[in-house]
Amino acid sequence: IGTHSGTFHCDEALAVFMLRQTDEFRDADVVRTRDGAKLEPLDIVVDVGGVYSPEKHRYDHHQRGFSEVFGHGGFDKIKLSSAGLVYKHFGKHIIAKRLGVDESDPNVELLWFQLYSELIESVDAIDNGVNITSSGSPNYAIRTDLSSRIKRVNPNWNEPADDATYDARFEIASKITGEEFLSQLDYFTQAWLPARSIVASAIASRLEVDPSGAIVKFPQSAPWKDHLFSIEPTLPAAPSQILYVLYPEGDAPGSKWRIQCVPQNPDSFENRKSLPEAWRGVRDEKLSEVAGIKGCTFCHASGFIGGADSYEGVFEMAKKALE
């Protein structure tokens, strides 16, 4: 595997890690150079060389006229870095291998989209100089992201370092990106994906909970936001947009229940319809008195979540909040 020498970035460190997860390149050495004569005979080259050609296993993105995007699932705004290029062409193989299934398994494509959205796209954006903060203000800049962490693995400006030092640090950086990549993939495989069927079933039966269609009841607590926002656009029109989800706090019989507001989008702190202002920051008997509902336990000061002793309690909270 060839990549450039000197200061390294998150995209090629991650690209190299991902390639080493494939059957073809799992035992490959890494050659870090900018010398075209040394790059030419290598099996695959990433982030250097000025060529994007999957047929020749050349995956650079710095050349004039490069415009490749992920191009699947609506991800067509951010140009790919070397990480995105490798993921686009090898990601399904890597995911299928990790899951022990065939690449044609529908869950492979679902996870391929999700991991791009949650990890790879931000690496592509940062490497291409795209501002990923919602406010655009440096006051909100994030310095704990994977790209920032990898930047700090490089030798310091005032630290003596030769090519061997950079190459050794690159291996450390690649390992760090790999730990993040596999951690996210395993989470989406083992926790996020099993939740999808729970969320889909609950959304499909929401009119049985309340004719408005605005309330969804989950039989157990599970990650729901990503699934709700991806499933919702495929649904036939209902009397109302989904505004509240109800779920038990735990699996034990008699568990307390919670009501949570659906946000404007999965990453938003703004709700489609917050819980009533008079409830916010109030607890227990006082909240029950204010809301006129027995068994209330709390309502967050921002109005995004509340609770009650029973399902009947949170259902009544949802009904009154709708009013």
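Given the structure is predicted, the values throughout are model-derived calculations rather than measurements.

Definitions and limits used
- Residues numbered from 1 in each chain as written.
- Predicted model: local features only at pLDDT ≥ 70, side-chain atom pairs only at ≥ 80, totals over all residues.
- Heavy atoms only, no water.
- Pairing = 2+ DSSP bridges.
- Helix = DSSP H or I, 4+ residues; strand = E, 2+ residues; numbered from the N terminus.
- Axes fitted to C-alpha atoms, helices over the stretch in contact; angles between N-to-C directions.
- Contact = heavy atoms within 4.5 Å.
- Buried < 20%, exposed > 50% of the residue type's maximum accessible area, 1.4 Å probe, protein only.
- Lys, Arg positive; Asp, Glu negative; His and termini not counted.
- Salt bridge = Lys/Arg side-chain N within 4 Å of Asp/Glu carboxyl O.
- Phe/Tyr/Trp six-rings, centres within 6.5 Å; stacked < 30°, edge-to-face > 60°.
- Lys NZ or Arg CZ within 6 Å of the ring centre and 35° of its normal.
- Disulfide = S-S within 2.5 Å.
- Domains from an automatic or database assignment.
- Expected span 1.5 Å × (residues − 1).
- Bend = angle between axes of the 7 residues up to and from the residue.
- Parallel < 35°, antiparallel > 145°, perpendicular 65-115°, else oblique.
- Left-handed = near helix turned anticlockwise from the far one by under 90°.
- Nonpolar A, V, L, I, M, F, W, Y, C, P; charged D, E, K, R; others polar.

**Q** It is not clear to me how the sheet that holds strand β8 (residues 257–261) should be interpreted in this structure. Could you clarify?
**A** Across a sheet, paired strands are connected by hydrogen bonds in the backbone, their directions being either parallel or antiparallel. Strand order in the open sheet made by the five strands is β6-β7-β8-β10-β9, with mixed pairing throughout. In this open sheet, the two strands that pair with only one neighbour each are β6 (215–217) and β9 (296–299). For this sheet, the mean angle separating the axes of adjacent strands, direction not counted, is 20°. Sheet topology note: the strand β7 (residues 244–248)/β8 ladder contains five bridges and is antiparallel. Counterpart to Y244 in the pairing with β8 is C261. Taken strand by strand, helix α10 (residues 311–322) contacts β6, β7, β8, β9 and β10 (305–308), and its axis lies near 170° from that of β7.

**Q** In this structure, what is going on with the side chain of D124? I would like to understand it.
**A** Note that D124 resides in helix α4 (residues 106–127). Buried within the structure, D124 lacks any salt-bridge partner; K88 is the closest side chain of opposite charge, at an N-O distance of 9.7 Å. Ignoring any residue separated from it by four or fewer positions in sequence, one finds D124 in contact with I78, K79, L80, S81, A83, G84 and Y116.

**Q** In this structure, what is going on with the packing of aromatic side chains? I would like to understand it.
**A** Any pair of aromatic rings gets described here by the distance separating the centres and the angle formed by the planes. What the rule picks out here adds up to 19 aromatic pairs. Three or more aromatic residues joined by ring pairs make a cluster, and in this case those are F17, F70, F75, Y87, W112, F113, Y116 and F181. Of note, K92 hangs over the ring of W112, and the distance from its end group to the ring centre comes to 4.4 Å. It is K217 that lies over the ring of Y311; its NZ or CZ is 4.1 Å from the centre.

**Q** Explain the pattern of salt bridges here, please?
**A** Pairing between side chains of opposite charge can happen when the charged atoms of each approach one another. Summed over the entire model, instances satisfying the criterion amount to twelve salt bridges. Between D27 and R26 there is a salt bridge, with its nearest N and O atoms 4.0 Å apart. On the accessibility criterion, D27 (69% relative accessible area) is exposed. Across the pair D186 and R98 runs a salt bridge, and its minimum N-O distance is 2.7 Å. Remark: R98 occurs in helix α3 (residues 82–99) and D186 occurs in helix α6 (residues 163–204); sequence separation between them is 88 residues. Among the residues examined, R98 registers a relative accessible area of 43% and is labelled partly exposed.

**Q** What is the right way to look at the state of the cysteines in this model?
**A** Here a disulfide denotes one covalent bond, and it connects the sulfur atoms of two cysteines. Scanning the model with the defined rule gives zero disulfides in all. The thiol sulfur of C261 is not disulfide-bonded, and the nearest other cysteine sulfur, from C299, lies at 7.7 Å. Residue classification places C261 among the buried residues on the basis of a relative accessible area of 2%. Here C296 is not disulfide-linked; the sulfur of C299 is the nearest cysteine sulfur, at 9.0 Å. A residue is classified by how much of its surface remains accessible, and C296, at 4% relative accessible area, is buried.

**Q** Explain the pairing of β10 here, please?
**A** In regular strands, side chains alternate between the two faces of the sheet. Covered by surrounding structure in β10 are I305 and G307 together with G306 and A308, the residues of both alternating faces. Relative to β10, β8 is paired through four bridges, and the arrangement is antiparallel. Bridging across to β10, Q260 finds its partner in I305. By the bridge criterion, three bridges tie β9 to β10 in an arrangement that is antiparallel. Its bridge partner lying in β10, C296 is registered against A308. The turn joining β9 and β10, which pair antiparallel and follow one another in sequence, is formed by five residues; a positive phi near 80° is taken by G303.

**Q** Explain the domain arrangement of the protein chain here, please?
**A** Accessible area lost during the coming together of the parts is what is often quoted as the interface size. Here the protein chain is partitioned into domain 1 (2–191) and domain 2 (210–322). Computed over C-alpha atoms, the centres of domain 1 and domain 2 are 39 Å apart.

**Q** Can you walk me through unusual backbone geometry in this structure?
**A** The phi angle of most residues is negative, glycine excepted, and most peptide bonds adopt the trans form. Within the chain, H57 stands out as a residue other than glycine whose phi angle is a positive 60°. When you line up the elements, H57 lands in the loop between β4 (52–53) and β5 (58–59). Even without glycine at this site, D284 takes up a positive phi of about 50°. Along the polypeptide, D284 turns up in helix α9 (residues 284–291). Taking relative accessible area as the criterion, D284 reaches 33% and is therefore assigned partly exposed.

**Q** Which parts of the structure should I look at to understand α6?
**A** The α-helix winds at 3.6 residues per turn, so residues separated by three or four positions along the chain end up facing the same way. Over its 42 residues, α6 runs 58 Å from end to end, which matches the ideal 62 Å to within 8%, given 1.5 Å per residue. In the structure, α6 departs most strongly from a straight axis at F188, where the bend amounts to approximately 40°.

**Q** Whenever I open this one, the packing of α3 against α4 confuses me. Can you help?
**A** The description of two packed helices rests on the angle between their axes and on the distance between the axes. As a packed pair, α3 and α4 sit with axes 10 Å apart at the nearest point and diverge in direction by 140°. Considered as vectors, α3 and α4 are oriented oblique to each other. For the crossing formed where α3 meets α4, the hand is right-handed. On α4, the residues touching A83, G84, Y87, K88, G91, K92, I95, A96 and L99 of α3 are V108, E109, L111, W112, L115, Y116, I120, V123 and D124. Residues that form the contact of α3 with α4 fall into these classes: twelve nonpolar, two polar and four charged.

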